[in-house]
Amino acid sequence: MSRRWLYAWGLGSAAFGAASLLVPLYVVTLGGGPADLGYLAAAAAFLGAPGAIVWGRLADRTTRRREVAVASLAGVAAVLAATPLLGGTWAVIVANAVLWLLVAAAGPVLTLLVVADAPESAWSREIGLLNAYQGYGWAAGLVLGLAWTAVVGRTLDPATAQRTLFWASAACAGAAAVGMARWMPRPAERSVARVDPRRVARTLGASRRNVRSATFAFAPNRLYWSTRAIHPRRLAERFTPALAGYFLAAVLFFTGFAAFWAPLPLFLTDAGYGGDAVFGLYLVSSLGSAAFYVGAGRLSAEYDLRGLQIGALGVRGVTLPAVAVVGALGTAAVGVGLTALAFAVIGVAWAVISVTATTIVTRLAPTSLRGEALGVYAALSALAGGVGSVAGGWLAAGPGFSTTFAVAGALVLAGAVLIGLLREISARTAMATETMTAE
């Protein structure tokens, strides 16, 4: 199969990556406060999560899957082009929610395409390739935002520079839609029909994440595939206490993550960072995470998963409030250096958390329910992300950023403490290691 369409998907992902930070910065430019940023992130999560499921099911029932992907990218281009013409923060919040609903529509279609025409033994490779193009594109979008605000921002005021970046991102999405229409093949219907969503969910759960995950944890594609096979009654009947305890821990730390990220652009702007510096810090975190995924996988194969995740959560839980301290140093060399280091640490810690979490869920769940357990984990992460975003915005608008980041860190540490009580994770890890050794 020709893979030229992956270049188009990478170009579209560049538009997504730029928009992921450009929209919050634009809300700040329009005078939006921390509560507005919380609503912005929450609306994207709450609409994107069910939207991913609905769009995916609609795409699964139609034979015009390529058109769904093309329409998704074209819709993204239209929303990005129209957003700078909107004058109010709430109009931008609504437009952003529509934007991520459209982004959610493409993922399930593209995953179906790459697995439909490949043997199951090659699914991990194909999905990994899809993730790689998306991840590199997302990173390129952050680089575009950094370069655009650094160069164009010198000759134009911040609001105008951001508007032109919206239109540049829209052009990327539009070009991606054209490339997808020209190059994306049509999978045979019989090949599509044989795809088992539970196996796709397991493959997605084991595949490497991409660079967006450190700063934008909501993954609509994973959510769709992993929730397709959920049977609530059967799941409730076989739900183990250890798995329920881990899900509660995940809700705590994902809520903490979202409470930190939602108001962060305003905090950095108030601390004196320009748009290019903010894009650069997010890029540092994302690339730090992506660069350590392989290392995190090696550590997970050699050490106790519970200990690794507790350590990574502990590091992230301490570093989140530390950002308030080093950010207060301003844009002097010491402040910028320490802030960049904190962002890199946050990204590396996420790599360990992300890799170990999927394995923990898989090992705690009964064998017949592993796919469904991954679906619950994905759904809870999206739900917690929405709740945490609203909470972070409210806290930052009230007590302030220092309190917000402290609460975020406390939630993450609370999740780590709860995981420390789940000794069954270590027991299952030891059993798996002994089985692999015996084989």
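Residues numbered from 1 in each chain as written. Predicted model: local features only at pLDDT ≥ 70, side-chain atom pairs only at ≥ 80, totals over all residues. Heavy atoms only, no water.

> Before we go on, may I ask you to explain the overall build of the protein in this structure?
On a plain count of helices and strands, the protein comes out with 18 helices and zero strands. In the protein, buried positions account for 57% of the 439 residues. When contacts within the protein are restricted to residue pairs at least 6 apart in sequence, long-range pairs at least 24 apart make up 86% of them. A total of about 17,000 Å² of accessible surface is found on the protein, and carbon and sulfur atoms cover 65% of it. (Helix = DSSP H or I, 4+ residues; strand = E, 2+ residues; numbered from the N terminus. Buried < 20%, exposed > 50% of the residue type's maximum accessible area, 1.4 Å probe, protein only. Contact = heavy atoms within 4.5 Å. Areas by Shrake-Rupley, 256 points an atom, 1.4 Å probe, with all protein chains shown as cover.)

> Any chance you could explain helix H11 (residues 241–261) here in plain terms?
Note on helix geometry: an α-helix contains 3.6 residues per turn, so any two residues three or four positions apart are oriented the same way. The first and last C-alpha atoms of H11 sit 31 Å apart over 21 residues, in line with the 30 Å expected at 1.5 Å per residue. Within H11, 16 of the 21 residues are buried, leaving the element largely enclosed by the surrounding structure. (Expected span 1.5 Å × (residues − 1).)

> Explain the packing of aromatic side chains here, please?
Two measures describe an aromatic ring pair: the distance that separates the ring centres and the angle between the ring planes. Taken as a whole, this structure holds 19 aromatic pairs when the rule is applied. A centroid spacing of 6.0 Å and a plane angle of 40° characterise the contact between Trp-100 and Trp-138, whose relative ring orientation is tilted. Placement of Trp-100 in helix H4 (residues 89–116) and of Trp-138 in helix H5 (residues 123–151) is noted, with a sequence separation of 38 residues between them. The exposure classification of Trp-100 matches that of Trp-138, with both residues buried. Through successive ring pairs, a cluster of aromatic residues spans Phe-260, Trp-261, Phe-267, Tyr-282, Phe-343, Phe-401 and Phe-405. Here Arg-316 stacks its cationic end above the ring of Phe-257, 4.4 Å away from the centre of that ring. (Phe/Tyr/Trp six-rings, centres within 6.5 Å; stacked < 30°, edge-to-face > 60°. Lys NZ or Arg CZ within 6 Å of the ring centre and 35° of its normal.)

> Explain the side chain of Arg-306 here, please?
Relative to the elements of secondary structure, Arg-306 occurs in helix H14 (residues 305–327). Look at Arg-306: it is buried, it has no salt bridge, and the nearest opposite charge is Asp-304 at 4.2 Å. Of the polar contacts made by the side chain of Arg-306, one reaches the backbone oxygen of Gly-420; its length is 2.6 Å. (Lys, Arg positive; Asp, Glu negative; His and termini not counted. Salt bridge = Lys/Arg side-chain N within 4 Å of Asp/Glu carboxyl O. Polar contact = N/O pair within 3.5 Å; in protein donor to acceptor, adjacent residues only side chain to side chain.)

> Sorry if this is basic, but what is going on with a nonpolar patch on the surface here?
A cluster of nonpolar side chains, Leu-329, Val-334, Leu-338 and Leu-341, forms an exposed patch at the surface whose accessible area comes to about 360 Å². Among the structural elements, Val-334 can be located in helix H15 (residues 333–364). For Val-334, a relative accessible area of 56% corresponds to the exposed category. (Patch = residues over 30% accessible without salt bridge, like charges linked within 9 Å, V, L, I, M, F, W, Y side chains within 5 Å.)

> Help me understand the nonpolar core in this model?
A general tendency of soluble globular proteins is for nonpolar side chains to be buried together. Counting residues in each nonpolar core, the largest one holds 111 residues, and the members touching the most others are Tyr-246, Phe-253 and Leu-264. Beyond its immediate sequence surroundings of up to four residues, Tyr-246 is in contact with Phe-253, Gln-309, Ala-357, Ile-360, Val-361, Leu-364, Tyr-377, Ile-419, Leu-422 and Ile-425. (Core = buried A, V, L, I, M, F, W, Y, C linked by side-chain atoms within 4.5 Å.)

> It is not clear to me how the confidence of the model for the protein should be interpreted in this structure. Could you clarify?
Detailed reading of the predicted coordinates is not advisable wherever pLDDT is low. Confidence in the prediction for the protein averages 83 pLDDT; 79% of positions are at 70 or higher. Per-element confidence in the protein is highest for helix H17 (residues 401–420), whose mean pLDDT is 96, and lowest for helix H7 (residues 189–193), whose mean pLDDT is 52. (pLDDT = per-residue confidence, 0-100.)

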